[in-house]
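Each chain, letter by letter, is given below.
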Protein chains: 4
Amino acid sequence: MAPTQFRPETLLRKYRIKHRLTRNLLSECFGTFLLLFIGTSIIAQLILSREKLNTWIQINIGWGLAITFSVYAVHKLSGGHLNPAISLVMWTFGHLKFFEFILYSIVQVIGAFIGAWATYLEINIFSLFSYAINEFDGGTRTAFGPNGTANIFATYPAEYLTVFGAYIDQIVGTGFLAFFVAAITDKRNKIPGWTHPMFFGFLVLLIGTCFGMNIGYPLNPARDFGPRIFTYFIYGSQVFTHPYSTWFLVPIIAPMVGAVSFAWAYHLFLGMHIPNEEYDVVHQNELEDREAIMIKK
Amino acid sequence: MAPTQFRPETLLRKYRIKHRLTRNLLSECFGTFLLLFIGTSIIAQLILSREKLNTWIQINIGWGLAITFSVYAVHKLSGGHLNPAISLVMWTFGHLKFFEFILYSIVQVIGAFIGAWATYLEINIFSLFSYAINEFDGGTRTAFGPNGTANIFATYPAEYLTVFGAYIDQIVGTGFLAFFVAAITDKRNKIPGWTHPMFFGFLVLLIGTCFGMNIGYPLNPARDFGPRIFTYFIYGSQVFTHPYSTWFLVPIIAPMVGAVSFAWAYHLFLGMHIPNEEYDVVHQNELEDREAIMIKK
Amino acid sequence: MAPTQFRPETLLRKYRIKHRLTRNLLSECFGTFLLLFIGTSIIAQLILSREKLNTWIQINIGWGLAITFSVYAVHKLSGGHLNPAISLVMWTFGHLKFFEFILYSIVQVIGAFIGAWATYLEINIFSLFSYAINEFDGGTRTAFGPNGTANIFATYPAEYLTVFGAYIDQIVGTGFLAFFVAAITDKRNKIPGWTHPMFFGFLVLLIGTCFGMNIGYPLNPARDFGPRIFTYFIYGSQVFTHPYSTWFLVPIIAPMVGAVSFAWAYHLFLGMHIPNEEYDVVHQNELEDREAIMIKK
Amino acid sequence: MAPTQFRPETLLRKYRIKHRLTRNLLSECFGTFLLLFIGTSIIAQLILSREKLNTWIQINIGWGLAITFSVYAVHKLSGGHLNPAISLVMWTFGHLKFFEFILYSIVQVIGAFIGAWATYLEINIFSLFSYAINEFDGGTRTAFGPNGTANIFATYPAEYLTVFGAYIDQIVGTGFLAFFVAAITDKRNKIPGWTHPMFFGFLVLLIGTCFGMNIGYPLNPARDFGPRIFTYFIYGSQVFTHPYSTWFLVPIIAPMVGAVSFAWAYHLFLGMHIPNEEYDVVHQNELEDREAIMIKK
């Protein structure tokens, strides 16, 4: 039997982080790290096996489950946004302060950076897939083209896509993500809390089947920008300028715009009209409690 | 922190639609819009990528999840029929008045029309898939043939199908949908309410594997007729007359017939025989309450 | 609004079948009909589209969901065995009398017969798939060979399979089905009742991935024998004698043997050792109640 | 009706194993047997049908469901580790004594050995797949090469993989398994107990999509070593020395290292910081109760 002082429960009482924001930033950073480490490994398995061991259905299912489990791991700490666009929505809903949104976004990008790094270490330095990647690209890391591996980490648009089209794609795709996240988590819909991360996974699977064609559904500024910064150290500045100099801004700006507008559309068109008198009363108290708490702070 | 007056909860108290029917019509229209926007995007990804990025299993899973999430978004308002055939069943069950059924059907068609429009805007005007669709059809929108895109929006029968066969296909397909919807939602079966939209999605996935071959399982007059009207403005009147002049009536009439007859078959053969004395008592009260409410109105 | 006397709730009070056994036989017959109508349609879509519209993963998922929904529709009546092998297990567990097991089996075979008939009508007489099937086999119904359609309805062994091998295959396959059905429904495992039909579907999906290769996992005497009798009227006596004269007995006898022995193995090796004193007490009362009920009858 | 003395409930009271450790060892042995019998049958169906009847998505889904159902069958007895790496984690968490961990590991290897034997009997001696396997390899069992069948039972690395890479692959893969098992089962996350085996299945499905490429995700010393010992009696000592003499140690050592370090990482970075005062109190009592129980023993 492990000595008592090393059991998780004992540690729990001793070293718990008492400061809520610190705890939440750790949680968001770690959760986004998990999501990207797993998620980019899924894409690596598709690309390095040249679509033999993974096909698109595994990408769809795999990313969905990566979201599900990453959110389960952290949802009782920070709620598990793992995405600056979702954090921004939460600010507009009054669940975060603006400087908290900024800090959440920064640590999410850091987590994503480390997640991409971990996958790269695996497939390269620590040679997990090392011969695999050397066999694939002949030993020279190239970013693009038939042996390119940059798209394991960050996303790049299909050749036919216009700039404006790319913005619309990410506004709509991330918009639907935020729309249904708002619906699932709306207490008036009475969907049990323990199922939410599961449904978020199904949701990402769904979006992969309908908005995955043009860009590969990043849907998340941190998921795209963190790994892109990492790949800068591998492939150079082309990762920011390919296929055009402002491309890297699209998966940052468009998800923000889409998420906020669609999440509010949910509340304006649907959520706020749900008749539930009992809720109003409870909610009224909750609002007052929260205001009371903020005054105390 | 967002100013208090813009939080969803605050709006909730101020601008809520008090009139039940107006609220429900908004809900049905919006829900059917969601279903069609997502659903036709799934088919677009199949057709425009020439079955590379989506295969039939993604169509099956994608449409199932599109139903699941569209119904979750609206189920606490109108119940989430999103389908005139289901609304008709609800009328025969005494949950809707006849003029409500008519209004539900009209707004469902309108929602479906707008959903198809949104997908078309995406793939065309707003050029989300623009080069994609131009690459696909050479820049000329054609309705049918190898580069035809009309079947992204509305459904057309397989060449071998007779008129009578088409009616049977949709009667049986939509019949099973309504049969199991009646079973899942039957309170005597004690399936928790929060799981119903999830099971509706599995149900559509199932029907895709067994009745999807001939027509592509529309199963829903609004899902087919709304987009068909929209495509009239793009491809002309051939969308109504291809492959024969009365084709467009099949996915309107047959689902109505199938849904009502199969849903009642559930109650006659199975549901009404479930032994549950406790239910009878509760139900008796409920019936009397409802009658009391209707008198008050 | 539908006149009150035609609402399901009103019918419920008037025409409910009061005799428990009659009700359960109707339920088992109807449920097996549903399972076979849907299940053989899934296989028809695989075979008639020459594996274009359905592939093996759709067969696996489709049959799983066919079980799930067929059992949900009837589980509050007869429990939803839909399978003589499962009914036999329930007899050995003391939940059915022997003559009830016999009657259950007979109506399950009748339901399966009608389900196969319904699919045949669809694809042939009512011409749902009519040109499809004519295109497929040139207008002549042949049982076996490249254009054979008998295997839409009943199962036939792979060429390499010995008689003894076929028995083992079905004993083990149906054995695992019954083993895990016993585990899932064992109250000591505390899996909520409303999830059982869902897990039965996952279970059939699992068995399809590991014991589907040789015969196509009938796992159910009624599922195989009912449709085989039906096909006798279409293709003649060869459906009983192909590939050898006693083949048709394998999917009848082997599932019975496998189900009983594996379900009891669950209780002997695992279930009966679950420590749950509270259960014993409850169970004791339940046993006494049941004996009291049987005396009253 | 079966005589009362043979019903499962009656046996329950008479022959229940009272000794907790004996009961748990039976449970772990039997559960690992189930997992391997089913799991190696899934791979057999892939290999012997030359990827026609099963493709990689079925392997991913099938192994996931094999875990789910094997754990459901035994989780109320021993908890359902079925994996020495998980049992080791439970020792470090203080839920097992060290000699119990050793005994658990031994019976898990025995269970896995028997499970592989059962599959081999099926496909060979009892000739379930007999002509299948003879057709496949021409009647001579060969371990490796295009007609090799050793990889049905134990795992072998892809050719390009270095020794160090293989260790990292299994440390990370099993690490993620243990990390999320720790998260799912952490009571502070409030995920209902009856869903845990279901989520473990999804988890194995996920790991198959991201860490399945190099070795085939054994993730479990018993799952690999038990069948490897069995195949020693079929193919000779090459199963231990192919492709190099210490290969067989990798799927034993690496999962142990990965599981413990990642499971603790969950508690250190996430779990222990979850704010839940109420839990602390309950937990305190639980700890004291457990210590009281151990003193009594």
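Residues numbered from 1 in each chain as written. Chains lettered and ligands numbered in written order. Predicted model: local features only at pLDDT ≥ 70, side-chain atom pairs only at ≥ 80, totals over all residues. Heavy atoms only, no water.

Q: Looking at this structure, how should I read the overall build of chain A?
A: From N to C terminus, chain A includes 12 helices and zero strands. Taken from N to C terminus, the helices and strands of chain A fall in the order α-α-α-α-α-α-α-α-α-α-α-α. Counting across all 297 residues of chain A, residues that qualify as buried make up 66%. Considering only residue pairs separated by 6 or more positions, chain A has 75% of its internal contacts joining residues 24 or more positions apart. Accessible area for chain A stands at about 10300 Å²; split by element, carbon and sulfur atoms hold 67% of it. (Helix = DSSP H or I, 4+ residues; strand = E, 2+ residues; numbered from the N terminus. Buried < 20%, exposed > 50% of the residue type's maximum accessible area, 1.4 Å probe, protein only. Contact = heavy atoms within 4.5 Å. Areas by Shrake-Rupley, 256 points an atom, 1.4 Å probe, with all protein chains shown as cover.)

Q: Hey, could you run me through the packing of aromatic side chains in this one?
A: Here a ring pair, both rings aromatic, is described through the centre-centre distance and the interplanar angle of the planes. Here the structure, examined in full by the defined rule, presents 132 aromatic pairs over all chains. Ring geometry for Phe-199 of chain A and Phe-202 of chain A: centres 6.2 Å apart, planes at 55°, overall tilted. Of this pair, Phe-199 of chain A and Phe-202 of chain A are both found in helix α8 (residues 196–210), three residues apart, which corresponds to roughly one turn of the helix. Residue Phe-199 of chain A is classed as buried on the basis of its relative accessible area of 0%. Overall, the relative accessible area of 22% leaves Phe-202 of chain A in the partly exposed class. Pairing Tyr-244 of chain B with Trp-247 of chain B gives two aromatic rings, centres 6.2 Å apart and planes at 85°, and the pair type is edge-to-face. Its end group placed over the ring of Tyr-156 of chain B, Arg-228 of chain B keeps NZ or CZ at 4.9 Å from the ring centre. (Phe/Tyr/Trp six-rings, centres within 6.5 Å; stacked < 30°, edge-to-face > 60°. Lys NZ or Arg CZ within 6 Å of the ring centre and 35° of its normal.)

Q: Is there a simple way to think about the nonpolar core in this case?
A: Grouped burial of nonpolar side chains is what soluble globular proteins tend to show. Residues Phe-176 of chain B, Phe-176 of chain C together with Phe-176 of chain D are the most contacted members of the largest nonpolar core, which totals 410 residues. If we skip the residues at most four places from it in the chain, Phe-176 of chain C touches Ile-207, Phe-211 and Phe-262 of chain C together with Leu-34, Phe-37 and Ile-38 of chain D. (Core = buried A, V, L, I, M, F, W, Y, C linked by side-chain atoms within 4.5 Å.)

Q: Would you take a moment to explain unusual backbone geometry for this structure?
A: Most peptide bonds take the trans configuration, and most residues that are not glycine carry a negative phi. Residues and elements named next belong to chain B. A cis amide bond, omega -5°, links His-242 with the succeeding residue Pro-243. Residue placement: Pro-243 occurs in the loop between α10 (238–241) and α11 (250–270). The backbone of Leu-82 sits at a positive phi, close to 60°, despite the residue not being glycine. By secondary structure assignment, the location of Leu-82 is in the loop between α3 (56–74) and α4 (84–92). By relative accessible area, which is 2% here, Leu-82 ends up buried.

Q: Looking at this structure, how should I read the packing of helix α4 (residues 84–92) of chain C against helix α11 (residues 250–270) of chain C?
A: The description of two packed helices rests on the angle between their axes and on the distance between the axes. All names here are of chain C. Where α4 meets α11, the closest approach of the two axes is 8 Å, and the angle between their N-to-C directions is 40°. The orientation of α4 relative to α11 falls into the category oblique. In this structure, α4 meets α11 at a crossing whose hand is right-handed. Packed against α4, whose contacting residues are Pro-84, Ala-85, Leu-88, Val-89 and Thr-92, the element α11 presents Pro-255, Met-256, Ala-259, Val-260, Ala-263 and Trp-264 at the interface. (Axes fitted to C-alpha atoms, helices over the stretch in contact; angles between N-to-C directions. Parallel < 35°, antiparallel > 145°, perpendicular 65-115°, else oblique. Left-handed = near helix turned anticlockwise from the far one by under 90°.)

Q: Before we go on, may I ask you to explain the pattern of salt bridges in this structure?
A: Opposite charge on two side chains permits them to pair, given that their charged atoms come into close proximity. Residues and elements named next belong to chain A. All told, the structure shown has 12 salt bridges over all chains when counted by the stated rule. The residue Arg-188 makes a salt bridge to Asp-186 at a minimum N-O spacing of 3.0 Å. Residue Asp-186 is classed as buried on the basis of its relative accessible area of 6%. (Salt bridge = Lys/Arg side-chain N within 4 Å of Asp/Glu carboxyl O.)

Q: Can you help me understand the state of the cysteines in this one?
A: Should the sulfur atoms of two cysteines be covalently bonded, the bond is a disulfide. Tallied over the full model, the rule gives zero disulfides over all chains. The closest cysteine sulfur to the non-disulfide-bonded Cys-29 of chain D is located on Cys-210 of chain C, 19 Å from its own sulfur. (Disulfide = S-S within 2.5 Å.)

Q: I tried to follow the side chain of His-196 of chain B on my own but got confused; where do I start?
A: Residues and elements named next belong to chain B. Relative to the assigned elements, His-196 resides in helix α8 (residues 196–210). Among the residues examined, His-196 registers a relative accessible area of 14% and is labelled buried. Among residues more than four places away in sequence, those in contact with His-196 are Ile-184, Thr-185 and Ile-191.

Q: I keep staring at the confidence of the model for chain A and nothing clicks. Help me out?
A: Close inspection of predicted coordinates is inappropriate in any region flagged by low pLDDT. Residue and element names in this part refer to chain A. Per-chain confidence: chain A averages 85 in pLDDT, with 85% of residues scoring 70 or above. The least confident element of chain A is helix α12 (residues 277–296), whose mean pLDDT is 47; the most confident is helix α4 (residues 84–92), at 96. In the model, residues 287–297 has pLDDT below 50 throughout and makes 11 contacts with residues more than four positions away in sequence or in other chains. Confidence metrics for the complex model read pTM 0.89 and ipTM 0.87. (pLDDT = per-residue confidence, 0-100.)

Q: I tried to follow the UniProt feature "transmembrane region" (unreviewed entry) in chain A on my own but got confused; where do I start?
A: In the UniProt entry, the feature "transmembrane region" (unreviewed entry) is given for residues 21–44, 56–77, 98–120, 164–185, 197–217 and 247–269 of chain A. For residues 98–120 of chain A, helix accounts for 100% and strand for 0%, while the C-alpha atoms at its two ends are 33 Å apart. (UniProt positions renumbered as here; feature names shortened; annotations may be inferred.)

Q: It is not clear to me how helix α7 (residues 163–185) of chain A should be interpreted in this structure. Could you clarify?
A: Since the α-helix packs 3.6 residues into each turn, any two residues three or four apart lie on the same face. Between its terminal C-alpha atoms α7 of chain A stretches 33 Å, which fits the 33 Å expected from 23 residues at 1.5 Å a residue. The element α7 of chain A is largely enclosed, with a buried count of 18 among its 23 residues. (Expected span 1.5 Å × (residues − 1).)

Q: Help me understand the packing of helix α2 (residues 20–48) of chain A against helix α7 (residues 163–185) of chain D, please; the structure alone is not making it clear to me.
A: It is at 13 Å that the axes of α2 of chain A and α7 of chain D come closest, and there the two elements cross at 140°. Put simply, α2 of chain A runs oblique to α7 of chain D. Crossing hand, α2 of chain A versus α7 of chain D: left-handed. In contact with Phe-30, Leu-34, Phe-37 and Ile-38 of chain A of α2 of chain A, α7 of chain D contributes Val-172, Phe-176, Phe-179 and Phe-180 of chain D. For the contact of α2 of chain A with α7 of chain D, a count of residues per class yields eight nonpolar, no polar and no charged. (Nonpolar A, V, L, I, M, F, W, Y, C, P; charged D, E, K, R; others polar.)

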